[in-house]
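# Per-entry structural report
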Amino acid sequence: MKIRLAISMMLILSLCAVAQTQQPAQEKPKDEKAEEKKPQPPPRPPQPPEFTAYLKANQISDPQKRIEALEKVLADFPKANPFVVSQIHLAILNSTVRAWPDQKEKILAQAQKYLDSAPENNRGSAYNTVASMLLGAGILLDEAKAFVEKGLASLDEKKYIETQKKIYEAGKRPVPKDEELVKVFRQMRAAYTSVLGRILLKKGNVAEAEKLLKDSYEANPANTATAVALAEIAEKAGNNKAAVDYLATAILSGRPSKDDRRKFEELYSRTHNNSMSGLEAFLDERYKKAFPPPIHVEHYKPTDSRSNRIVLAEVFTGSGCPPCVAADLAFDAMMERYSRNEVAVIMYHQHIPLPDPMTNTAVQNRFKFYQGGGVPTYVIDGNKSSGGGSRDMTRQFYDRVNPSIEKRLETAAEADLKLEAVMEGTTIKVKAMVQNVKAEGEVKLQIALAEETLRYSGENGVRFHPMVVRALGGKDAAGFALDTSKPATVEEMFDVPKIVEGLKAHLDDFEAKRNSAVPEGREKFAFSEKKHSIEAANLSVVAFVQDEKTKKILQAAYVRVKSDAAASR
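Cut-off values and rules
For every chain, the first residue of its written sequence is number 1, and the numbers climb from 1 along that sequence. For this predicted model, a pLDDT threshold of at least 70 governs which residues receive local features, and a threshold of 80 or more governs which side-chain atom pairs are given and counted, while totals over whole chains, interfaces and linings are taken from all residues. Only hydrogens and water are set aside; all other atoms, that is, all heavy atoms of the structure, feed into the side-chain values. Numbered from the N terminus, helices here are DSSP runs of H or I no shorter than four residues, and strands are runs of E no shorter than two. Atoms counted for the radius of gyration: C-alpha only. Globule rule: 2.2 Å times the number of residues to the power 0.38. Partly exposed residues are those whose accessible area sits between 20% and 50% of the maximum for their type, while under 20% is buried and over 50% is exposed, using a 1.4 Å probe and protein chains only. Contacts are assigned to residue pairs that have any heavy atoms within 4.5 Å of one another. Using a 1.4 Å probe, accessible areas were evaluated by the Shrake-Rupley method; residue-level cover was limited to the displayed protein chains. When a carboxyl oxygen of Asp or Glu lies within 4 Å of a side-chain nitrogen of Lys or Arg, that pair is called a salt bridge. Whether two strands pair depends on DSSP finding at least two bridges between them. Here, a disulfide means two cysteine sulfur atoms that sit within 2.5 Å of each other. Any Phe, Tyr or Trp ring, taking Trp's six-membered ring, that has another such ring centre within 6.5 Å forms a pair; planes under 30 degrees apart are called stacked, those over 60 apart edge-to-face, and the others tilted. Throughout this description, the term charge over a ring refers to an Arg CZ or Lys NZ atom that lies within 6 Å of the ring centre and within 35 degrees of the ring normal.

### Description of the overall build of the protein
Of the regular secondary structure elements, the protein holds 20 helices and 13 strands. For the protein, whose C-alpha radius of gyration is 26 Å, the value lies close to the compact-globule estimate of 25 Å for 569 residues. Expressed as a percentage of its 569 residues, the buried residues of the protein come to 51%. For the protein, long-range pairs separated by at least 24 residues make up 69% of all intrachain contacts whose partners lie at least 6 apart in sequence. Accessible surface, the protein as shown: approximately 27600 Å² in total, 51% of it carbon and sulfur.

### Details of the pattern of salt bridges
Counting across every chain of the model gives 37 salt bridges. Overlapping salt bridges bring together Arg-309, Asp-381, Arg-408, Glu-414 and Lys-552 as one network.

### Things to note about the pairing of strand β11 (residues 539-547)
The element β11 is extensively covered by neighbouring structure, given that nine of its nine residues are classed as buried. Side chains Leu-539, Val-541, Ala-543, Val-545 and Asp-547 project from β11 onto one buried face, and the interleaved Ser-540, Val-542, Phe-544 and Gln-546 project onto a second face that is buried too. Here nine bridges tie strand β7 (residues 443-455) to β11, and the two strands are oriented antiparallel to one another. Looking across to β11, one finds that Ala-450 is bridged to Ser-540. Alignment of β11 against strand β12 (residues 553-560), held across seven bridges, turns out to be antiparallel. Paired with Val-541 across the bridge in β12 is Val-559.

### As for the state of the cysteines
This structure, assessed with the given rule, holds one disulfide. Between Cys-321 and Cys-324 runs a disulfide, and the two sulfur atoms are separated by 2.4 Å. Across the disulfide from Cys-321 to Cys-324, rotation about the S-S bond amounts to roughly 85°, and the bridge is consequently right-handed. Given a relative accessible area of 0%, Cys-321 falls into the buried group.

### Quick word on the sheet that holds strand β10 (residues 488-495)
Strand order in the open sheet made by the four strands is β10-β6-β5-β13, with mixed pairing throughout. Two strands close off the open sheet at either side, each with one partner strand: β10 and β13 (562-563). Across two bridges, the pairing between strand β5 (residues 416-424) and β13 is parallel. Counterpart to Val-422 in the pairing with β13 is Lys-562.

### A closer look at unusual backbone geometry
Looking along the chain, the bond that leaves Ile-352 and enters Pro-353 is cis, with omega of -10°. For Asn-273, which is not a glycine, the phi torsion comes out positive at approximately 55°. On the secondary structure map, Asn-273 appears in the loop between α14 (258-270) and α15 (279-290). With a relative accessible area of 75%, Asn-273 lands in the exposed category.

### Structural notes on the packing of aromatic side chains
Aromatic ring pairs are reported here in terms of the distance separating the ring centres and the angle at which the planes meet. This model, assessed by the stated rule, comprises 20 aromatic pairs. Three or more aromatic residues joined by ring pairs make a cluster, and in this case those are Phe-316, Tyr-348, Phe-367, Phe-369 and Tyr-370. We note Lys-106 situated over the ring of Trp-100; from NZ or CZ to the ring centre the distance is 4.3 Å. Looking at Lys-551, its charged tip hangs above the ring of Phe-369, at a distance of 4.7 Å from the centre.

Below is the structure:
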């Protein structure tokens with residue numbers, strides 16, 4: 001495990017701050033007076049200046065100068081936010097471990113400063129963080145073992161459940177069932193037992209290490225380090241098949257090292273007649289087995305009030321965004337519940353908080369149109385909200401969001417929209433017919449070309465990504481202005497090879513710009529996989545009519561792209 005993991009995850013979660021809000025405030029439709037009377041949520045507080053100073057100091061490449069800068073932040077802000085103080089002490093510890101791993105007294109003294117600065121209710125996690133950091137550096141294993149054991153001793157399942165219930169009740173949110181909270185607690189505890197198991201493995205106590213690691217893996221198979229350690233034990237025992245299975249889980253987590261990936265491919269080939277054939281299908285099956293959908297829902301049965309509206313859900317997400325998992329999987333469930341002639345879902349991938357190879361310039365501009373800040377952000381018929389969570393929070397997310405979709409299905413459409421899409425050669429020809437628009441002012445037709453499913457194991461552990469938007473129509477991908485006083489027919493052509501070229505150019509440019517800021521001597525960034533290729537048989541088109549001022553969606557439409565041969569039959 002990389003010893004910068006704790007700090008990296010803190011930065012990831014801070015960048016996903018909007019995404020982590022569990023009870024987000026929704027933007028109010030500007031054209032509904034009753035809604036306007038509701039109190040508006042208070043503006044988000046600005047980022048504390050000490051946090052900004054901390055981030056800047058922590059980017060300094062020279063470890064001694066970085067530590068000096070971090071200590072200066074502590075001196076300059078004597079009343080700094082306790083969370084920031086704790087993170088600064090952690091950053092100093094991280095720098096000390098990396099630069100001077102042989103200075104035991106210095107490391108332990110700084111570890112104690114970090115532990116003392118950690119909030120009381122987070123002390124157990126802090127012990128585990130220190131142990132993980134020492135383990136990652138391969139130093140002070142006896143001390144690391146003592147730290148993680150203190151962390152484990154601080155965990156109390158009953159107390160955790162009681163505390164969580166109070167938090168939910170205080171926030172006036174539905175309280176999860178006890179079994180759901182127990183599952184979350186055991187997953188949390190699994191992080192501690194994983195660290196302890198790996199420390200014991202490194203110390204040569206294989207039998208006890210394997211028992212702890214298997215318990216940890218059962219509670220949380222998504223922990224990459226646990227799976228890699230179990231694979232190491234299995235391989236040394238001569239059980240290459242089990243090693244491949246464990247390493248497959250590590251690959252699917254989206255966070256394997258290059259060595260882990262190389263070892264997996266080596267063992268996969270060895271156990272499959274020295275061939276890499278069927279690798280992706282193997283990973284697909286392994287993913288479905290290890291990470292089944294957390295919820296299943298009933299198919300929608302239209303009520304007597306069902307209107308002619310097709311509801312549009314625009315989802316801004318990121319394959320490297322941990323809190324996006326609940327949103328992504330909940331919208332998967334909605335696509336299971338509704339037909340595409342009831343609800344059309346499209347996904348706009350963003351480089352937030354980590355690079356995402358399914359991102360492109362058009363979807364980034366769409367995020368700016370909605371003044372997006374963090375991910376996940378989701379927009380139901382133009383009404384923007386945010387908030388997500390872990391895989392286990394999928395049901396809570398679904399139960400919070402789905403009622404608004406049910407309501408919209410009973411709200412009459414404010415435009416008529418018909419859509420056709422045919423692929424001729426390498427060009428997709430789209431025809432959209434719009435009439436009876438019930439809106440004044442600036443109204444646009446948007447046309448999105450989406451790939452039905454993309455396979456990519458990102459850092460948040462989601463492998464299958466539905467309805468990924470690959471291009472948007474119109475000049476500069478900004479749609480088509482409509483004259484609402486008369487019917488309109490809009491035709492657009494998507495040149496697939498040109499789109500592929502543009503997708504690749506975006507990813508290449510992203511890599512180049514990111515690496516231009518990487519200090520000399522540090523590893524350059526490269527996507528593990530660039531998802532610029534497009535499968536022609538896997539394409540759909542979603543079109544929608546939108547009031548540009550209120551952002552309201554008047555009507556949407558969905559079609560699968562037909563081949564010219566299919567269209568002629």
